[in-house]
Amino acid sequence: MSDSREWRKASQGLGRLRYALGGVAVAALLHLASCGGGGGGGGGNDPDNGSGGEVTTSGLLWHDFFGLDAVNGLQVSDLSGAKTVRVSGVETAVPTPDGQHFITYEYDLDDDFSTVSIYTRDGKRVDAATFDGYVRRVRPSPGQLGRMILTWSPTAGGVGSDQVVLIAIDFNGRVTLASYPGVHAAADWLPDGRVLHLGADGRLRIGTPALPDTAVAQLSVSGRTPAGLWVDPAGQRIITRWNVLWEGGGVRSTDLWISAIDGSGLEQLTDTGLSSYGVWSPDGAFFAYDMDPANACTSTGCSGIPIGNCDLYVAPSTSRRVGAAAASFTVTGADGRRKVLGCDLRGWTR
């Protein structure tokens, strides 16, 4: 089938989309859902903000910090100090870059399908679709509601294998915009609606979904393989994740690098060996990052600090080789108590 495959309407009112990606057949059943009400991670409770103190930042932090009020689900904390608001009972959720909507993605282990839903910020569901297989990550477009990049595999067990596929879709038109088959690293949206794709070979490519893309850079970090990509809100810089692998497989250590959008000026951003993701502040002046020993584990144990102690830090984006001495976020619970925010941070919006 060609890349211009269309959603085909079945008599039951469902659209069935089939597309072959690098030899992997993916079947997706999508349907409009009726509107309705919408419904995290660990961390410490030290009000002194950790060893690095507190930086002056603003905006809304979207997270699933269970330790704040002992509730599961997507929560929103205002860095001004206002009480945290729980907006959904679903933990696997991300906000759109403008903070006006959020997207949930839930996997049904028994029947092996995933449901992706779009909600307004106040919890009203406006659209939903089901996909055969496992959707483990969603990247919403900053320019158009309903456009998103899905990280998909045939089953939950497919994660980490060459069966994992990146798919750019448009809920509004019920179409697949682009796919990134075979061995891949990551992809993210640019503010103008194009997609920046980082291949497992370190090559950066930019393209408009459904149109040919263009190679813009060849990234390389000695002894490491690429595994993640995050574009800043202005579309001028990127954070990339680079892993050191064990000889027999698995991640030995992982850290973040920063560069211009064309790959120039590549420099090491974190120096923890345990950092797997970066979250830009809305103005691009800061970035948040995790320090999680579970990111560097083998069958015999984990590197670094004891497993289960996942921490979150924030630093200016001008920083280089930052470690655990950076500042932490504090957020306010429903009872007015402030606690240090733990993992997992789902987004940072205005």
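As a starting point, this report considers the structure included with it. (Residues numbered from 1 in each chain as written. Predicted model: local features only at pLDDT ≥ 70, side-chain atom pairs only at ≥ 80, totals over all residues. Heavy atoms only, no water.)

Let us look at the pairing of strand 8 (residues 101–108). Across 3 bridges, the pairing between strand 7 (residues 93–95) and strand 8 is antiparallel. The residue bridging V94 from the neighbouring strand is I103, located in strand 8. Counting the residues in the hairpin turn of strand 7 and strand 8 gives 5 residues, including G99, whose phi is positive at 75°. Here strand 8 runs beside strand 9 (residues 113–120); their pairing, made up of 8 bridges, is antiparallel. Counted as the bridge partner of H101 is T120 from strand 9. Between strand 8 and the antiparallel strand that follows it, strand 9, lie 4 residues; D112 among them carries a positive phi value of about 55°. (Pairing = 2+ DSSP bridges. Helix = DSSP H or I, 4+ residues; strand = E, 2+ residues; numbered from the N terminus.)

Mapping P209 onto the fold places it in the loop between strand 17 (203–207) and strand 18 (214–218). Taking C-alpha positions, P209 is 5.1 Å from A178, a pair spaced 31 residues apart along the chain. The residues touching P209, leaving out its near neighbours within four places in the chain, are L177, A178, W189, G193, R194 and V195. (Contact = heavy atoms within 4.5 Å.)

The 4 strands are arranged 19-20-21-22 in an open sheet whose pairing can be described as antiparallel. Looking at strand neighbours, the two that pair on one side only are strand 19 (225–231) and strand 22 (267–268), the edges of this open sheet. Summarising the sheet, strand 19 and strand 20 (residues 237–245) pair through 6 bridges and their orientation is antiparallel. Paired with V231 across the strands is I238, a residue of strand 20.

Right, let's talk about the sheet that holds strand 13 (residues 165–170) for a bit. Judged by pairing direction, the sheet is antiparallel, and its 4 strands sit side by side in the order 11-12-13-14 without closing on themselves. The open sheet has two free edges, formed respectively by strand 11 (134–140) and strand 14 (175–180), since each of these has just one partner strand. Across the sheet, the axes of successive neighbouring strands diverge by a mean angle of 25°, strand direction being ignored. Sheet topology places strand 11 next to strand 12 (residues 147–153); 6 bridges connect them, and they run antiparallel. Looking at the pairing, R137 lines up with T151 of strand 12. (Axes fitted to C-alpha atoms, helices over the stretch in contact; angles between N-to-C directions.)

What follows is about the pattern of salt bridges. Pairs can form between side chains of opposite charge once their charged atoms are near each other. Applying the stated rule across the entire model yields 9 salt bridges. Residues R139 and D188 are paired through a salt bridge, measuring 3.3 Å at the closest nitrogen-oxygen approach. One end of the pair, R139, is in strand 11; the other, D188, is in strand 15 (residues 186–189), and 49 residues separate them in sequence. Among the residues examined, D188 registers a relative accessible area of 10% and is labelled buried. The residue R237 makes a salt bridge to D232 at a minimum N-O spacing of 3.1 Å. R237 gets classed as partly exposed once you look at its relative accessible area, which sits at 24%. Ionic contacts of the salt-bridge type, sharing partners, join the residues D64, D344 and R346 into one network. (Salt bridge = Lys/Arg side-chain N within 4 Å of Asp/Glu carboxyl O. Buried < 20%, exposed > 50% of the residue type's maximum accessible area, 1.4 Å probe, protein only.)

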